[in-house]
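A look at the structure
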Amino acid sequence: MPKAIAAINDFVVKFANVNGSGSASANGLFAKAVLRMGVPVGARNIFPSNIQGLPTWYEVRVSEEGWLGRRGGVDLMVAMNPQTWEADVKGIEAGGYLLYDSSKPLPASKFRDDINLIGAPLTELIAAEFANPRERQLFKNICYIGVLVQMLGIETEVVKQLLNEEFKGRDKIIQPNLKAFELGRAYAEKEVAPIGLKLRRADKVGDRIFVEGNEAAGLGAVYGGATFCAWYPITPSTSLAEGFQKYCNLLRKDENGDNRFAIVQAEDEIASIGMVMGAGWAGSRAFTCTSGPGISLMNEFVGFSYYAEVPAVIFDVQRGGPSTGMPTRTQQSDLLLAAYASHGDTKHPMLFPANPTEAFEFAALSFDLADFFQTTIFVMLELDIGMQEWLTAPFKWDEKRALNRGKVLTAEQLEAGVAFGRYRDVDGDAVPYRTYPGTHPSKGSYFTRGSSHDKDARYSERGEDYTEGMERLLRKWETMKSHVPAPVRKNAKKRTRDGVIYFGSTEPAMDEALAALEQRGVGLDALRVRAFPFSDEVFQFIRDHEQVFVVEQNRDAQLKSLLVNEGGVHPARLVSVLHYDGTPITARFIVKSVSDKLKTGQAAVAPEKVK
Amino acid sequence: MPKAIAAINDFVVKFANVNGSGSASANGLFAKAVLRMGVPVGARNIFPSNIQGLPTWYEVRVSEEGWLGRRGGVDLMVAMNPQTWEADVKGIEAGGYLLYDSSKPLPASKFRDDINLIGAPLTELIAAEFANPRERQLFKNICYIGVLVQMLGIETEVVKQLLNEEFKGRDKIIQPNLKAFELGRAYAEKEVAPIGLKLRRADKVGDRIFVEGNEAAGLGAVYGGATFCAWYPITPSTSLAEGFQKYCNLLRKDENGDNRFAIVQAEDEIASIGMVMGAGWAGSRAFTCTSGPGISLMNEFVGFSYYAEVPAVIFDVQRGGPSTGMPTRTQQSDLLLAAYASHGDTKHPMLFPANPTEAFEFAALSFDLADFFQTTIFVMLELDIGMQEWLTAPFKWDEKRALNRGKVLTAEQLEAGVAFGRYRDVDGDAVPYRTYPGTHPSKGSYFTRGSSHDKDARYSERGEDYTEGMERLLRKWETMKSHVPAPVRKNAKKRTRDGVIYFGSTEPAMDEALAALEQRGVGLDALRVRAFPFSDEVFQFIRDHEQVFVVEQNRDAQLKSLLVNEGGVHPARLVSVLHYDGTPITARFIVKSVSDKLKTGQAAVAPEKVK
Amino acid sequence: MTYIAKPPLHHPSLEKNALGFTRRDYEGRISTLCAGCGHDSISAAIIQACFEIDLAPHRLAKFSGIGCSSKTPDYFVSPAHGFNAVHGRMPSVLTGANIAAKDLIYLGVSGDGDTASIGLGQFAHAVRRGVNMTYIVENNGVYGLTKGQFSATSDKGSKAKKGAENKDSAIDLVMLALQLGATYVGRSFSGDKAQLVPLIKGALSHKGAAILDVISPCVAFNNHVGSTKSFDYVRAHNEAVNRMDVITPRAPIIADYQPGELKEVRQHDGSILRFRKLEDDYDPSRRNAALAYLGRKAQEGEIVTGLLYVDPDASDLHDGLGTVDTPLNKLTDAELIPPMHALDKINAGLR
Amino acid sequence: MTYIAKPPLHHPSLEKNALGFTRRDYEGRISTLCAGCGHDSISAAIIQACFEIDLAPHRLAKFSGIGCSSKTPDYFVSPAHGFNAVHGRMPSVLTGANIAAKDLIYLGVSGDGDTASIGLGQFAHAVRRGVNMTYIVENNGVYGLTKGQFSATSDKGSKAKKGAENKDSAIDLVMLALQLGATYVGRSFSGDKAQLVPLIKGALSHKGAAILDVISPCVAFNNHVGSTKSFDYVRAHNEAVNRMDVITPRAPIIADYQPGELKEVRQHDGSILRFRKLEDDYDPSRRNAALAYLGRKAQEGEIVTGLLYVDPDASDLHDGLGTVDTPLNKLTDAELIPPMHALDKINAGLR
Ligand SMILES: Cc1ncc(C[n+]2csc(CCOP(=O)(O)OP(=O)(O)O)c2C)c(N)n1
Ligand SMILES: Cc1ncc(C[n+]2csc(CCOP(=O)(O)OP(=O)(O)O)c2C)c(N)n1
Ligand code: SF4
Ligand code: SF4
Ligand SMILES: [Mg+2]
Ligand SMILES: [Mg+2]
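Residues numbered from 1 in each chain as written. Chains lettered and ligands numbered in written order. Predicted model: local features only at pLDDT ≥ 70, side-chain atom pairs only at ≥ 80, totals over all residues. Heavy atoms only, no water.

Check the secondary structure of chain A and you find 19 helices and 24 strands. The globule rule puts the C-alpha radius of gyration for 611 residues at 25 Å, and the 27 Å found for chain A is close to it. Its C-alpha atoms give chain A principal-axis dimensions of roughly 85 × 65 × 40 Å. Within chain A, the fraction of its 611 residues that count as buried is 69%. A fraction of 76% describes how many contacts in chain A between residues 6 or more apart in sequence connect residues 24 or more apart. Of the accessible surface of chain A, which amounts to about 19100 Å², a share of 52% is contributed by carbon and sulfur atoms. In chain A, the 71 positive side-chain charges and the 76 negative ones have mean positions that sit 3 Å from each other. (Helix = DSSP H or I, 4+ residues; strand = E, 2+ residues; numbered from the N terminus. Rg over C-alpha atoms; globule rule 2.2 N^0.38 Å. Buried < 20%, exposed > 50% of the residue type's maximum accessible area, 1.4 Å probe, protein only. Contact = heavy atoms within 4.5 Å. Areas by Shrake-Rupley, 256 points an atom, 1.4 Å probe, with all protein chains shown as cover. Lys, Arg positive; Asp, Glu negative; His and termini not counted. Charge placed at Lys NZ, Arg CZ, Asp CG, Glu CD.)

Following this line, the structure appears as structure tokens:
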């Protein structure tokens, strides 16, 4: 029997449950309790694509140091699902702990002898106090929370406080919960010996908030001035529309209770983006939220938006592809599609938020960008950000900030005789002026079409008119580079010839990995890309290093493809680290992959072999 | 006044007309007449996206040497369209010729003094002989053909012969045509002085045929064993479905007149590809034909086909994009979309026929590839191939050739106990076995889905099952490289460090350009890419040369992107030559671009700047 | 190339309406449709209707999909913004614009292919939502722009019993609209200005989804509702003048007939359309009755024309959405951006 | 996790049908739907129907889109090939397979979201074409798999007049199918095995497009035809047991009633469905009459169930296409590849 794992404020707890059984919020309560102890957590639901009866997991990374990504491995497993018992037990680190329901005796063969067993007769404890089967099923969850809280030394008051907050004043709900909680806690106090994992009050959470990325993006859309959401339900994007709805109801009703917003559940994704086109064209800030399959369906309209220059915002909450793929798993695999969506020569800007705070900021920003550049802006979220609660910096908004509606001519300007040609490059930045419909009785009307047109939006089949427009669109693309969020660079302590590029949800695991690598003497300069098109800093960073690892959560190294294609970078200098099984990338995976590749000197092999 | 252009069997004639006026077939008659004189022609319609009343042109490259691409420039303009008169006259080479209708006097200002004017009172000539306005409009066309035939010295018999063939026995049609033709010819004989351009009987046509690529592809689909076409009308692909229909009616009826084929005009492109999926899954060879907008709409199903491994063939007859773009202009701009269509990590094979003969061959081949690799094969045609008549090698079919239906288990095999697991890699080539529905009472059924599945096609959310499948798909991709058509290499006479890569309709212009460059002492080794994924020869060719020009008919260097992305090639070594105004690329354009870039040493600039 | 037929007699185009606009102010660019195309007659009717209801030209917003019919918004009311969407998806674009700017008058023009084939889903759902719009289907039973293939309405009007034996049963857009809850539903003929102009005027003034199915002959492909042979016919017919590429200019077909009357209209290809104009005393307030009547007449091979159903006090999408009176695209930053303290409160709630 | 409800009493699953198959031979994998989901009852009825009409299990081909309902083909008749298409596009896939292999029996299973929202266009056009299939809509008036949003059928059954005041008017798939030319149209309830099984048997045996709209309650989101509050209801309801993530297993709802009878069925959320079973002497041969009757009853808030329309000698898509008797997927190279001399002739014609 290996030494029992001993750790304070730094371990991984994983819950294995059946979905629809009420475990999710009990487990959430545990994570919040740790936070209230002043200790940061990274918490992730791993759930199935069905409604009731299939396996679901909840993984909580407890880290006083503040590592919020997945570390890899499990120190304490709360195994409540017979279906997955074997794999769950197998997943525990040697010397780790297993908490299980000991109401029914289990054969020794079901266990491992290199882990520490903690049995608690949860079913019995609950059955003794609760009669109705539904309550029995339900309160078992809060009961094991009681056991855990006692075992780990979480302050009981914290949990009671949380329950009181959650069900303010609704005693009928609070009482049975407290009872079930106390049943578990008391049992553990009597029967469970203290273990090596401990929670100790700290002060490392600060003013951070605990929130899902989709909700944050929905709120960001409200502050960004979005007035219209056309959407079609799809996991994992649904909660973004719901978040927008929630905050609009809270913040966007006028004195008579009328809505300063509109939300339409369309009949499908083609209609969703079509409605967004119409609204954007008419001068409302509009968006849709979807996932991969929806992006595939929106292709035709995205190409229209590019060529006819109609503003739109699409939130792509990425899930496991291709096709229906893994609807409840996370990936970063829609980059290539979004970047070059639709037939013909097209390019579309993308933003890559790394956490809910950025989801809020980029959501708001995306509407300024869409209005200014008059094209579709993709906000590339991921299930791991959108549908998971993150401990993240609080939302901020500069009171002085105004919405940038871009180049829109007013009736006054037109009246004053400002010349208007819909697709003329007046300012030299390749961004043309537009008008909202109905602006002026005789000036400013124009015809929007996806067919070839001249500077004044007239139908034209002349090659010169066509190429002039297509070249201006390329120049507009150049202009964007300095308007989209710049990359974030973190240099290694010592000078190094190695760099790493990453984006989105990879950040927390990368932070931990960088620290771990540094400890092993491997220093990497790190650059987090936050937008496409890439600004020159990105390519400067690559030039500054001999080899650059590109860490992505997809199979085909899609970010690398974009870097090579847009920057003319030699592919051989970019070494891919790819994680794409649908689970969020872990610090351990990054550390191992980078170390291995450095050993084998991967980056040295012939270009043709790279990737 | 510059010297009048003098040339025998080597010049460019361009006709400017109004569409819907009956000019197209008259002009076609001219091209055929030249062919019957044993002189090769490259002929191209340039037509508007409407039905009647807008400008249309027909450009005929006459070349005894056999250059069938566009040369650039016009030696003899037949200007029959007042709307475009100015531009048409402007387009004539100095010393060139203008044939026009002199019935109404035109001010001198309408002409140029550096070209040779040939007026013929076509309207008058016809009005004198034909009463009804429709006939007058119509026979004016055949009348100027008479003038041309006489001027250029084409044998009158040839034209009469063609008319007799076209309207076999239908004297009521032949007579007025002959009359109108003779009116023009006789006038020219009397009134038009011989010019510098001459046609002389030669023997350079051989057994070649004159046919459109879409018709050829439709015929290829018949020989390839396609039994089902689901399509939705769209320019320039419509005539492919019509070609398939025509040849099925000719070759695929059984003794009772029943159809050994089915053609369904679907309600849209999503339904078209959906039907193709269903039929391919059920074991029929099925295809759809469309253009860019259709590909955008088919994205979701293409991703399904990739992941669920369902055979399909899509003919993409490319037109000017993005969006509705230029429906009646040609481009090579759907490569990126087709290659990586749909969300998630996907890759799709493409074939690049260069002429109607290859359109026939690749069409037939695509069904073998689709059945064997169980995925969507894109046959990337172009308007310039699909809707233009090309002088091309006759169709051939090896009588011994059987259809390769790929790895399909029969009832006998299943009965004999062959183990069946839908997605297992049994043969080490990563290509799994499948069964048709209803094959065996108890063995061989399986469930097809776009959601994640295991080796045996069972639904699975396990990361291991998912990654195993995705990695096998990558290995399948490797297998394809040796099965798709290999590139065609033509080496320069002398050893050279420069190469050029091109594909599709660019070939004839490239052939002429290579010869012209060689004359100027610029030798280029040339490689015509015929398929994606690229075989190793392609990358070997790139390695063999210091710099490689990549000639494409799109704005964003899409083939170059694929080369760099799939082969890890350094982008700096690939120098793009891009032509994308919707007109077919010309030999002169290639010669000039390559020469200029060689002068400025473009290829030397920093990677970031390339493209 | 044809100009929108101008109304005849002493420069009526110089008459002014209540707003002081002349008919010219409602015209558009030169049509590029075939001479005699029914669609041009419909454009003329739209111009007439807008002029007569004294609509300020720039208060109109024009939408269409792709097709010859969908090109027409470029050919009327130039002072109005226009939007040529992608094929079959105009209803969603119009819906979005309507949500953004509720203060404009919305007109969608589409074809039978654009609406009944690729666009059926969007058409149906826009109708269900009660989008406040006038939606005109210029119905020639054929794909004009792609040269004469059948559309999903191709068989409409042919005997129902026979119809059952046809390959695909036809979609009757009027019956469909009725069933899906459209609150203003009518049918007419491009050549019947006397009936068409008032129908369009009523539709433009109606609050809710107003659907007009307007039969509009295609002179190039001679197709017509009920015809099942026209594509071959074109080939044969054109061959007679020895070219597949000849489109002979034709005069538009005119049909003027009385309420209750049955009118047989001969098309360019000789085929017959049998129009039945509603009686003056027809009661357009009963949805089920209208459906039943249409079904009966269809069996008799008659195409009923006129205003089939109207709910004068229908509600529209905005009523359902409960939006403010100010159009969403006119809301100010102050109305859109919540105060900072609201954000503080939200942050607090997430700790 | 629930098993398909097995028929009760002494191992009837061991009875053999004419082909010697037991009911077990028609079963599928274990259902992953919520305990008590109406969809599982429909799967059981499908199993029963296939067993009773002595269908060789592997001669069936199963299709579906995406949704809880669309998962079910995995849960019945395992020996049959199955195809889970993408969301809303199953009709086209089924059509293609049917064209390729006309010798199989085609069954499409879909949901109200899959069919009436995203899939409306494909549904309508497959019906128009008369594809020889049984198409079952497992209609719960809600998006189950995405957790309870409304679908386009959500308001069906509520008073038409009131309906008119609802945001979107509901799509009645049965009326739609009738209007689009479906040749076998019925409606039933997942809990009414006595009515449902015969309807499915008839549909499987019918040549042409057979459409069954089967009301099927969702126990997780308690939605129901006519309900407009159910999503909120779920929230409130679940909150009472303090979790959004609790789905309580329920018993399936059973409804057994007589022809002509009006049956009120109470759903899990307490809402009422009012089913009217057709009289025994109802004449299902009159399409227009059926439409009129449905319209009338809908106004009275009644959901008519039973076989509403059937054309026993309907023709199907293959008749229209004139395909050979041999399924296209069984044609040999000899039948498919024309001889070389044909090619020579073609070449000659192109010189
Ligand atoms: C996605 C897409 N598919 C196909 C087309 C080709 N297309 C252009 S117009 C048209 C049909 C138009 O028919 P209809 O709507 O009846 O208009 P009409 O020309 O008859 O007035 C089609 C199929 C297209 N532009 N886009
Ligand atoms: C293109 C696409 N859009 C959205 C989704 C998400 N989605 C899955 S099932 C579903 C709705 C299912 O509703 P219904 O057809 O009524 O089936 P039910 O679950 O109610 O039985 C949706 C929107 C998807 N899978 N694909
Ligand atoms: S083709 Fe037909 S629909 Fe199109 S413009 Fe000509 S007549 Fe009109
Ligand atoms: S969510 Fe509703 S529809 Fe889906 S399985 Fe559960 S009960 Fe059935
Ligand atoms: Mg039409
Ligand atoms: Mg449903």
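What follows is about the coordination of the magnesium ion (ligand 5). Residues and elements named next belong to chain C. Listed as protein donors to the magnesium ion (ligand 5) are Asp-112 (OD), Asn-140 (OD1) and Val-142 (O); their distances from the metal cover 2.0 to 2.1 Å. Between consecutive donor residues of the magnesium ion (ligand 5), the sequence gaps follow D-x27-N-x1-V. With Asp-112 in helix H4 (residues 112–117) and Val-142 in strand E5 (residues 142–143), this pair connects stretches of sequence that are 30 residues apart. Accessibility assignment for this pair places Asp-112 and Val-142 in one class, buried. (Donors = N, O, S within 2.8 Å, 3.2 Å for Na, K, Ca; no water.)

Our next topic: the sheet that holds strand E18 (residues 447–449) of chain B. Pairing within the open sheet is mixed, and its ten strands lie in the order E18(B)-E2(D)-E1(D)-E3(D)-E4(D)-E8(D)-E7(D)-E11(D)-E10(D)-E9(D). Two strands in the sheet have a free side with no partner beyond their single neighbour: E18 of chain B together with strand E9 (262–266) of chain D. For this sheet, the mean inter-axis angle between neighbouring strands, taken without regard to orientation, is 20 degrees. As paired elements, strand E10 (residues 272–277) of chain D and strand E11 (residues 303–310) of chain D share three bridges and run parallel to each other. Note on E11 of chain D: the bridge partner recorded for Phe-275 of chain D is Ile-303 of chain D. With respect to the sheet, helix H9 (residues 269–281) of chain B is in contact with E18 of chain B together with strand E1 (60–64) and strand E2 (81–84) of chain D, its orientation differing from that of E2 of chain D by roughly 160 degrees. Running at roughly 175 degrees to strand E3 (residues 105–111) of chain D, helix H3 (residues 90–100) of chain D makes contact with E1, E2, E3 and strand E4 (133–139) of chain D of the sheet. (Pairing = 2+ DSSP bridges. Axes fitted to C-alpha atoms, helices over the stretch in contact; angles between N-to-C directions.)

The two copies are related by a screw operation: chain D maps onto chain C through 180 degrees of rotation and 0.0 Å of translation along the axis, at an RMSD of 0.0 Å. The symmetry that links the two subunits is that of a two-fold axis. Every residue of chain D has its C-alpha some distance from the rotation axis, and the shortest such distance is that of Gly-121 of chain D, at 2.3 Å. A shared interface surface links the copies, since 100% of the contact residues of chain D are contact residues in chain C too. (Least-squares fit on C-alpha atoms with pLDDT ≥ 70 in both.)

With that settled, consider the pattern of salt bridges. The full count for this structure, using the stated rule, is 134 salt bridges over all chains. For Asp-498 of chain B, the salt bridge goes to Arg-497 of chain B, with nearest N and O atoms at 3.3 Å. Lys-330 of chain D is the partner of Asp-103 of chain D in a salt bridge, and the nearest nitrogen-oxygen pair spans 2.8 Å. Of this pair, Asp-103 of chain D sits in the loop between H3 and E3 while Lys-330 of chain D sits in the loop between helix H11 (317–321) and helix H12 (333–336), and the two are 227 residues apart along the sequence. By relative accessible area, Lys-330 of chain D is classed as partly exposed at 47%. Here the salt bridges share partners, and the residues they tie into one network are Glu-358, Lys-490, Glu-507, Asp-511, Arg-528 and Arg-530 of chain A. (Salt bridge = Lys/Arg side-chain N within 4 Å of Asp/Glu carboxyl O.)

The subject of this paragraph is the site of ligand 4. Close to ligand 4 lie Ile-51 of chain A together with Leu-33, Cys-34, Cys-37, His-39, Cys-68, Asn-140, Cys-218, Val-219, Ala-220 and Phe-221 of chain D, which account for all nearby residues. Those residues lying near ligand 4 are distributed over chains A and D. Put simply, ligand 4 lies in the second largest cavity. For the shell around ligand 4, the residue count by class is nine nonpolar, two polar and no charged. (Near = heavy atom within 4 Å. 1 Å grid on protein atoms, 1.4 Å probe; cavity = no way out; pocket = protein on both sides within 12 Å on 5 of 7 lines; lining within 4 Å. Sits in = over half its atoms within 2 Å of the grid points. Nonpolar A, V, L, I, M, F, W, Y, C, P; charged D, E, K, R; others polar.)

Turning our eyes to something else, we now look at the coordination of the magnesium ion (ligand 6). Octahedral six-donor coordination of a metal ideally yields angles of 90 or 180 degrees, compared with 109.5 degrees for tetrahedral four-donor coordination. Every protein donor of the magnesium ion (ligand 6) is accounted for by Asp-112 of chain D (OD), Asn-140 of chain D (OD1) and Val-142 of chain D (O), and the metal-donor separations fall at 2.0 to 2.1 Å. Mapped onto the sequence, the donors of the magnesium ion (ligand 6) take the spacing D-x27-N-x1-V.

Now for the interface of chain D and chain C. Across the boundary between the two partners, chain D contributes 27 residues, which contact 28 residues of chain C. Across the chain D-chain C interface, the total number found is zero salt bridges. Applying the counting criterion to the chain D and chain C interface returns six residue pairs in polar contact (both at pLDDT 80 or more). Secondary-structure elements contributing two or more residues to the side of chain D that touches chain C are helix H4 (112–117), helix H5 (120–129), helix H7 (173–179) and helix H10 (287–299) of chain D. At six residues, the largest contribution of residues to the side of chain D that touches chain C is made by H5 of chain D. (Polar contact = N/O pair within 3.5 Å; in protein donor to acceptor, adjacent residues only side chain to side chain.)

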